[in-house]
Amino acid sequence: LGVGLRSRPYPVVAASGGDGLVHAGMIMRVGGSARDMARQSLNLGWTFPRLALPDRIRAAACVGFRYVECHFPYEHDAAELAGVLRETGLAMVAMNVPRGGEGRLGLASVAGADAAFREDLVRALDWSRILEAPFVHVLAGDLGPEPRAAAEARLAENLAWAATEAGTETTLLV
C-alpha cells in the first residue's frame, strides 16, 4: 500500500465503557468469552484517513488486525467492501446506522423523522448482512426543541421496531 505500515498490531490500553464493550481509542474488544475478548477491532473511521475505505481495510490487515468496524461505509459499494473483507480475511464487527443527513447524529428520537429513521435502519441492516457485521449502532439524534419525554418515548418506540427488524442475527447498540 505504500504507507509504511508495521507488521504487528498497535498496543492496546483499554478501559471499560460500562456497556459490555472495552474501548481503547481506535481499538475495541468485543466481549463475552475469554476467546471473544481477545478479538481486537480497528475503527476505520479514525485510522488511515488518507486512504479510501477499501484500502483502510487492507491496511488494517497489514498491521495485524483481524477485525474492523466502520462508522459510515455507505459511500462505497457494499459488495466491493465485502470482497475486500474476504480478500484480507478480516471481519467487519460493527457499523452505524446512517446519520440522517449532513451534520446529523441519527434520527431515532427526532420528531417527524420516523420514516427516514426506518429507511436508514433497513439500509444499515441490509449492509450488515452483506458485510456480515454482527453489531449495528443506532444513533439517537439530537433532542431538538421538543420536550425530552416525547423524544425518549419516540426513541423507545423506534428501538422496539428496530429490534424486531434486526431479529436475532444482528445486535443493536444504542
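Note that the structure is a prediction, hence the values are computed from the model and not measured.

## Structural notes on unusual backbone geometry
No. 1: Look at F48: it is not a glycine, yet its phi comes out positive at around 50°.
No. 2: Mapped onto the elements of the fold, F48 is located in the loop between β4 (40-43) and α2 (53-62).
No. 3: Of note in the backbone geometry, E132 takes a positive phi value of approximately 60° without being a glycine.
No. 4: In this structure, E132 sits in the loop between α4 (114-131) and β7 (135-137).

## Comments concerning α2
No. 1: When we look at burial in α2, the residues that qualify are L53, P54, R56, I57, A59 and A60.
No. 2: In this structure, the buried side of α2 is in contact with β4, β5 (67-70) and α3 (78-88).

## Things to note about the nonpolar core
No. 1: Counting residues in each nonpolar core, the largest one holds 38 residues, and the members touching the most others are V68 and L131.
No. 2: If you list the elements that add at least two residues to this core, you get α2, β5, α3, β6 (91-96), α4 and α5 (148-166).
No. 3: Sorting elements by how many residues they give to this core places α4 first, with six residues.
No. 4: If we ignore the near neighbours within four places in the chain, the residues touching V68 are S41, L42, L44, A60, L85, L90, A91, M92, V93 and A94.

## A short note on the environment of V97
No. 1: Inspection of the secondary structure puts V97 in the loop between β6 and α4.
No. 2: The sequence separation of V97 and L172 amounts to 75 residues, and the corresponding C-alpha distance is 9.7 Å.
No. 3: Not counting chain neighbours up to four residues away, the residues in contact with V97 comprise F72, Y74, D120, L121, A124, V136, H137, V138 and L139.

## Here's the deal with the packing of aromatic side chains
No. 1: Under the criterion given, the structure shown has one aromatic pair.
No. 2: In this structure, R99 is placed above the aromatic ring of F72, and the distance from its NZ or CZ to the ring centre is 3.9 Å.

## A closer look at the packing of α3 against α4
No. 1: Viewed as axis vectors pointing N to C, α3 and α4 meet at an angle of 30°, and their least axial separation amounts to 9 Å. Regarding the angle of α3 to α4, the classification is roughly parallel. Crossing angle aside, the handedness with which α3 passes α4 is right-handed. Between α3 and α4, the residues in contact are A78, A79, L81, A82 and L85 and W127, I130 and L131, respectively.
No. 2: For the contact of α3 with α4, the residue count by class is eight nonpolar, no polar and no charged.

## Some details on the pairing of β4
No. 1: Pairing of β4 with β5, which is carried by three bridges, proceeds in the parallel orientation. For L42, the partnering residue across the bridge sits in β5 and is V68.
No. 2: Crossover handedness for the path β4 to α2 to β5: right-handed.

## Focus on the confidence of the model for the protein
No. 1: On average, residues of the protein score 80 in pLDDT, and 78% of them are at 70 or above.
No. 2: Note that residues 1-38 has pLDDT below 50 and, in this model, 67 contacts with residues that lie over four places away or in other chains.

## Thoughts on the pairing of β6
No. 1: With five of its six residues buried, β6 lies for the most part within the structure.
No. 2: Across four bridges, the pairing between β5 and β6 is parallel. Paired with E69 across the strands is A94, a residue of β6.
No. 3: In this fold, the crossover linking β5 to β6 by way of α3 has right-handed handedness.
No. 4: Here three bridges tie β6 to β7, and the two strands are oriented parallel to one another. Residue M95 lies in a different strand from β7, and its bridge partner there is V136.
No. 5: Viewed along the sheet, the connection from β6 through α4 into β7 turns out right-handed.

Rules used in this analysis
- Within each chain, residues carry numbers counting from 1 in the order of the written sequence.
- Per-residue local features of the predicted model are confined to residues with pLDDT of at least 70, and side-chain atom pairs are confined, for both listing and counting, to 80 or more; whole-chain, interface and lining totals are unaffected and use all residues.
- The side-chain values count all of the structure's non-hydrogen atoms but skip hydrogen atoms and water molecules.
- Every helix listed is a DSSP run of H or I at least four residues long, and every strand listed is a run of E at least two residues long, numbered separately from the N terminus.
- We call a residue buried when its accessible area falls under 20% of the maximum for its residue type, exposed when it is over 50%, and partly exposed in between, using a 1.4 Å probe and counting protein chains only.
- A contact between two residues is defined here by any heavy atoms of the two lying within 4.5 Å.
- Each nonpolar core is a collection of buried residues, namely Ala, Val, Leu, Ile, Met, Phe, Trp, Tyr and Cys, held together in the definition by side-chain atoms within 4.5 Å.
- We call Phe, Tyr and Trp rings a pair once their centres come within 6.5 Å, taking the six-membered ring for Trp, and we label the pair stacked below 30 degrees between planes, edge-to-face above 60, and tilted otherwise.
- Cation placement over rings: the criterion is NZ of Lys or CZ of Arg within 6 Å of the ring centroid and within 35° of the ring normal.
- Angles shown run from 0 to 180 degrees and are taken between the N-to-C directions of axes, each axis being a line fitted to C-alpha atoms and, for helices, limited to the stretch in contact.
- When describing relative orientation, an angle under 35 degrees is termed roughly parallel and one over 145 degrees roughly antiparallel, while 65 to 115 degrees is termed roughly perpendicular and anything else oblique.
- The sense of a crossing depends on the near helix, which, turned anticlockwise from the far helix by less than a right angle, makes the crossing left-handed and, turned clockwise, makes it right-handed.
- By the convention adopted, Pro, Cys, Tyr, Trp, Phe, Met, Ile, Leu, Val and Ala count as nonpolar, Lys, Arg, Asp and Glu as charged, and the other residues, Gly among them, as polar.
- Pairing between strands is defined by DSSP: at least two bridges between them are needed.
- We call a crossover right-handed when, viewed with both strands directed away from the observer, the connection leading from the first strand over the helix to the second proceeds clockwise.
- The pLDDT score gives, residue by residue, the confidence of the prediction method on a 0 to 100 scale.

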